[in-house]
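Per-entry structural report
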2 protein chains.
Amino acid sequence: MSSSPRPIRIAIDCMGGDTAPEVVFQGISLCAKELGPISLQLYGVQAAIEPLVEEIKKDTACKDLFIEVILADDVVTSDMKPKVAVRSHRASSMGLAVMAVREKRADAVLSAGNTGAFMAFSKIMLGTLKGIDRPAIATFLPTSKGQSLVLDLGANAECSGRNLVEFSFMGEALTQACLGISAPSIGLLNIGSENTKGNRIVQEAAEILTKTDLLKNYIGFVEGTDIMAGTVDVVVTDGFTGNVALKTIEGSMRFVKEQVGRAVKKSIGTRISAFILYRTLKKAFTRFDPRIYNGAVLLGLNALAVKSHGNVDAFSFAHALKFTVNVARQDLLTHVKTYVDRWASTEEGTSRE
Amino acid sequence: MSSSPRPIRIAIDCMGGDTAPEVVFQGISLCAKELGPISLQLYGVQAAIEPLVEEIKKDTACKDLFIEVILADDVVTSDMKPKVAVRSHRASSMGLAVMAVREKRADAVLSAGNTGAFMAFSKIMLGTLKGIDRPAIATFLPTSKGQSLVLDLGANAECSGRNLVEFSFMGEALTQACLGISAPSIGLLNIGSENTKGNRIVQEAAEILTKTDLLKNYIGFVEGTDIMAGTVDVVVTDGFTGNVALKTIEGSMRFVKEQVGRAVKKSIGTRISAFILYRTLKKAFTRFDPRIYNGAVLLGLNALAVKSHGNVDAFSFAHALKFTVNVARQDLLTHVKTYVDRWASTEEGTSRE
């Protein structure tokens, strides 16, 4: 590498995901021009990536990228248990990519592979920020008002009220960084708006947030309907509820598309009209195309780890890559640490349950 | 009343809901012919319902219904706290309607009013079935495969594994009764399919269900995507997650409709095509029109209490009424008691945490 001002360095696990490694390389090519001066470290198995590396070297779209190829002997498979991956597969493309970030040879790691393994590698190798109890998976979703951040989407099946508080301010930091909103509105996901509603951890979190005044714009409770409505910029919940909500949204979208599709197929007249409408409906569905919201941050670690969906096309992977580069540029960590310090200075923040 | 074989008697709180009492009466009129020989007890405030009662008496559609009017001096308002309602408003239309069921003067009660108050009245006046720890709110949702029952939708913000087990077999009983399926498939809502996934209560419930073999067709874990996919006939979860899931589905549907509507409005060409498509899309959206799935049972009480959505039109209220009559005819209680006895005979069922 040259010794000019260091560009952002992204470590990419090229072997992770159902459509890897082809889609990873296609994705890089698709967004290369938008990425600006960055350095990509491509981790993969020789036989699989060598031909793709050759192509990308000839790809004019990628001519301004600094690309480094690191060969791995091993991969993490989609059904591998996290513990097994971490114990015995550190030399996998995923393990090496995360290690690069740990050793500060890269600024961020991106993988579309086995989520459990990726989270395990990231937590163990990168470590959780001092002052944060548990990291959370956070992603942006399309809403009626634009987009909102939702977390935790499944890193923690059980949470305490304090975990929700920490998710809240980490979410505030990420949203400020990504959406340029200085005081993002933040709501705790609940089953009603009155403060007597909900389970113990949500009430605990609400109490702490109200008392400590850590957030710039804490709204209070929001309900399931508020997620897609975009009522708040950040929706905070425990990993179990968040994961169910996210998958429920996916299931609902799929259901609607399927029902509309079935109804349209029933007659020629509707098929003609549908054809005319197709472009318009396509644009509408693009608006909430999950592919452009691909990219979930494991928020709360000492470095940036981003997870792409596993079953993606090039367009989708490109989005995850752009997202990763964008967040890496924001120096999110320093920002989150400011919150952690304030949190640690409160009574609630220092007491350990 | 005459002394001929007693028809099903439904107590209706005519004052509950945003559109009451007009919509209640219109709803009755709409479905009267489909109800068969039933007796309706209409509870309401004189000034509000008297003119509507007069109309319904002249309504030929309702000529085969036996209608009794019971005047109340009081109503439960939409913002009234459950404790206040139960303590000081037993003479409300809601209180009197539930009391009628308690005193076995009616077989079921239906209200579109304040959910918290209705649940409180029902639990206190009707009592929870012996052997059941907590009742659950259960409703049918449209799915890719037809319809599925989902519970608990919010009666219990905190649950134990045993609660989920009880919800499971009550759900099985209700689904057998309503959908005529002898062995409905049942899944526990979780964040993954492996048995190591999920929180403590879900794992506990899975363990008990596997061990005790209480259900005819227990599938295992299902995820958020499976709800609308109709992967199973009954989805079981705690009240917090269930409520969030349900409202998230509502929010997703609303979002899709809004996005499609916005896209369509953008040009004359699409508006014409949309007009042609309108009837077809309307049929598609009817398929999952929440109005035809109106009616949530408070499952686990000693008698039948059904909650209608508050903000309903006549068509929707009519569905809740038809649903109530249908369930009342099935003698659900005896059916659930069979399960309760089997549950009580197991080691897990008898041990109290």
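Residues numbered from 1 in each chain as written. Chains lettered and ligands numbered in written order. Predicted model: local features only at pLDDT ≥ 70, side-chain atom pairs only at ≥ 80, totals over all residues. Heavy atoms only, no water.

1. Digging into the sheet that holds strand S4 (residues 108-111) of chain B
Residues and elements named next belong to chain B. Reading across from one edge, S3-S2-S1-S4-S11-S10-S5-S6-S9-S7-S8 is the order of the 11 strands in this open sheet, with mixed pairing throughout. A strand with exactly one partner marks an edge of an open sheet, and here the two such strands are strand S3 (66-72) and strand S8 (218-222). Each strand of the sheet is rotated relative to its neighbour by a mean of 25 degrees, with strand direction disregarded. Where S4 meets strand S11 (residues 304-307), four bridges bridge the pair, whose relative direction is parallel. From the neighbouring strand, Ser111 faces S11, where its bridge partner is Lys307. (Pairing = 2+ DSSP bridges. Helix = DSSP H or I, 4+ residues; strand = E, 2+ residues; numbered from the N terminus. Axes fitted to C-alpha atoms, helices over the stretch in contact; angles between N-to-C directions.)

2. Remarks on the environment of B:Thr115
Residue and element names in this part refer to chain B. Relative to the helices and strands, Thr115 is located in helix H5 (residues 115-126). Thr115 gets classed as partly exposed once you look at its relative accessible area, which sits at 36%. In this structure, the C-alpha to C-alpha distance between Thr115 and Arg9, residues 106 residues apart in sequence, is 22 Å. (Buried < 20%, exposed > 50% of the residue type's maximum accessible area, 1.4 Å probe, protein only.)

3. Re helix H12 (residues 332-344) of chain B
Residues and elements named next belong to chain B. Look at H12: 18 Å from first C-alpha to last across 13 residues, which is about the 18 Å you get at 1.5 Å a residue. Every buried residue belonging to H12 is among Leu332, Val336, Tyr339, Val340 and Trp343, and all of these are buried. The buried residues of H12 occupy one face: seen down the axis, they fall within an arc of 105 degrees. On the buried face of H12, the contacting elements are helix H6 (161-179), helix H7 (200-212), strand S10 (296-299), helix H11 (314-329) and helix H13 (347-350). (Expected span 1.5 Å × (residues − 1). Arc of directions from axis to C-beta. Contact = heavy atoms within 4.5 Å.)

4. Let's talk about the pattern of salt bridges
Residue and element names in this part refer to chain A. Considering all chains together, one arrives at 16 salt bridges over all chains under this definition. One salt bridge connects Asp107 with Arg9, and the closest N-O pair in it is separated by 3.1 Å. Taken as a pair, Asp107 in the loop between helix H4 (93-102) and strand S4 (108-111) and Arg9 in strand S1 (residues 8-13) lie far apart in primary sequence, 98 residues in all. Here Arg9 falls in the buried class, since its relative accessible area comes to 8%. (Salt bridge = Lys/Arg side-chain N within 4 Å of Asp/Glu carboxyl O.)

5. Digging into the domain arrangement of chain A
Many authors give the size of an interface as the accessible area that is lost as the parts come together. Residue and element names in this part refer to chain A. You can read the domains of chain A as domain 1 (9-130 + 300-336) and domain 2 (136-290). Domain 1 and domain 2 are separated by 26 Å when their C-alpha centres are compared. Contact with domain 1, which involves nine residues of that partner, is made by nine residues of domain 2. Interface area, domain 1 with domain 2, both sides summed: about 960 Å², of which 72% is carbon and sulfur. On the domain 1 side of the interface with domain 2, the three residues burying the most area are Met119, His335 and Val336, jointly 36% of the side's total. At the junction of domain 1 and domain 2, the tally comes to zero salt bridges. (Domains from an automatic or database assignment. Buried area = accessible area lost by both parts, 1.4 Å probe.)

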